[in-house]
Amino acid sequence: MKLELRFFASLREALGVAQEEITIPDTVKTITDLRIYLIERGNPWAEVLAENKVLRCALNQVMVEASTSLKENAEVAFFPPVTGG
Amino acid sequence: MTIRIQEKDFDISTEIATLRKGDPRVGAVVSFLGTVRDMNDGSQVKGMTLEHYPGMTEKALQDILDQAKARWDTYQTLVIHRVGPLLPEDQIVLVVVTSAHRGEAFAACEFIMDYLKTEAPFWKKEDTPEGARWVDARVTDDASSERWVKK
């Protein structure tokens, strides 16, 4: 499955990546699976996406739960809790 | 419904005048203006930079305004949120709601602001004497938006 990954704010800075196209294996089905898959790359991914870090995620620009299933060609974003206003 | 994400400043009087112009049904206009403070979490703030998620931010704000419209009897709603570099005393965000009576406009305006704080993808990075730091989300903001959830 092909995905477009997006990272924002402190995550973007810590990873040094704002955007990335990725092809994931069939075993990666949900956002949580994707997070674990990226953690397996090692640092800085493992540290930035570690399970004890409070993150938000969006699928096709809508905020979703981590258990949400991924979709072909989806835009998947990871970011810290928002601080606007 | 009007949503604008912009770097440039805005004039609250002009925005309110435009929003209620030609609509004599309006009997109440409630606005919230958010501004940059020079202190946060015990540190002096010399300035800040606001980042957002182009595309998603507009969608999230649209969804918040749709929810407000569905819950309260309002006429017009406006959200302007600035991004990019800002200094203490600068205007950051403006929410304006018009309605026939004040109760609906007050409630809708507060709801929009509370949800914007927890649902709209904006992030503040502050410039302090100890260096630049990303602002942590406040637990009190989650509590403010959760109190609107219908029991």
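Nothing here was measured: the structure is a model prediction, and the numbers come from that model.

A.B. asks: Just give me the short version of the pattern of salt bridges, but keep the residues and values in it.
C.D. replies: Overall, the coordinates contain 10 salt bridges over all chains when judged by the stated rule. R41 of chain A is paired through a salt bridge with E20 of chain A; the nearest N and O atoms lie 2.6 Å apart. Taken as a pair, R41 of chain A in the loop between α2 (31–39) and α3 (45–48) and E20 of chain A in strand β2 (residues 19–23) lie far apart in primary sequence, 21 residues in all. In this structure, R147 of chain B engages D114 of chain B in a salt bridge whose closest nitrogen and oxygen atoms are separated by 2.7 Å. Of this pair, R147 of chain B sits in the segment after α4 (139–146) while D114 of chain B sits in helix α3 (residues 102–119), and the two are 33 residues apart along the sequence. Exposure remark for D114 of chain B: the relative accessible area of 12% places this residue in the buried category. One network of salt bridges, with partners in common, ties together E110, D114 and R147 of chain B.

A.B. asks: Go over the nonpolar core with me, naming the residues and quoting the values.
C.D. replies: Residues V95, F111 and I112 of chain B are the most contacted members of the largest nonpolar core, which totals 29 residues. Secondary structure elements with two or more residues in this core: β2 (28–35), β5 (47–52), α2 (56–71), β8 (91–99) and α3 of chain B. With nine residues, the top contributor of residues to this core is α3 of chain B. If we ignore the near neighbours within four places in the chain, the residues touching V95 of chain B are V30, S31, F32, L78, V79, C109, I112 and M113 of chain B. The next biggest cluster of nonpolar side chains, apart from the first, holds 22 residues, and it includes L11, I24, I31 and L34 of chain A.

A.B. asks: Quick rundown of the sheet that holds strand β6 (residues 74–82) of chain B? Include the residues and the values.
C.D. replies: Residues and elements named next belong to chain B. Within the open sheet, the four strands sit side by side as β1-β6-β8-β2. Their pairing is mixed. Each end of this open sheet is capped by a strand with a single partner; those strands are β1 (2–6) and β2. Across the sheet, the mean angle from the axis of one strand to that of its neighbour is 5°, orientation sign disregarded. Running over the sheet, helix α1 (residues 12–20) touches β1, β2, β6 and β8 and is turned about 25° from β8. α2 rests against β1 and β6 of the sheet, and its axis sits at about 150° to β1.

A.B. asks: Would you mind going over the interface of chain A and chain B in detail, with residue names and values included?
C.D. replies: A common measure of how large an interface is: the accessible area buried when the components associate. Across the boundary between the two partners, chain A contributes 21 residues, which contact 26 residues of chain B. In total, chain A and chain B occlude about 1,800 Å² of area from one another, counting both sides; carbon and sulfur atoms represent 55% of this. Its largest share of buried area at the contact with chain B, chain A owes to Q61, T83 and G85 of chain A, together 37% of the area lost on that side. Where chain A packs against chain B, one counts two salt bridges. Measuring nitrogen to oxygen at the nearest pair gives 2.5 Å for the salt bridge that ties K125 of chain B to E13 of chain A. Remark: the boundary between chain A and chain B carries 14 residue pairs in polar contact (both at pLDDT 80 or more). Broken down by secondary-structure element, the contributors of at least two residues to the side of chain A that touches chain B are α1 (9–15), β3 (56–59), β4 (62–64) and β5 (74–79) of chain A. The dominant element in the side of chain A that touches chain B, judged by the number of residues it contributes, is α1 of chain A, at four residues. Across the side of chain A that touches chain B, the residue classes tally to 10 nonpolar, six polar and five charged.

Conventions adopted
Residues numbered from 1 in each chain as written. Chains lettered and ligands numbered in written order. Predicted model: local features only at pLDDT ≥ 70, side-chain atom pairs only at ≥ 80, totals over all residues. Heavy atoms only, no water. Salt bridge = Lys/Arg side-chain N within 4 Å of Asp/Glu carboxyl O. Helix = DSSP H or I, 4+ residues; strand = E, 2+ residues; numbered from the N terminus. Buried < 20%, exposed > 50% of the residue type's maximum accessible area, 1.4 Å probe, protein only. Core = buried A, V, L, I, M, F, W, Y, C linked by side-chain atoms within 4.5 Å. Contact = heavy atoms within 4.5 Å. Pairing = 2+ DSSP bridges. Axes fitted to C-alpha atoms, helices over the stretch in contact; angles between N-to-C directions. Buried area = accessible area lost by both parts, 1.4 Å probe. Polar contact = N/O pair within 3.5 Å; in protein donor to acceptor, adjacent residues only side chain to side chain. Nonpolar A, V, L, I, M, F, W, Y, C, P; charged D, E, K, R; others polar.

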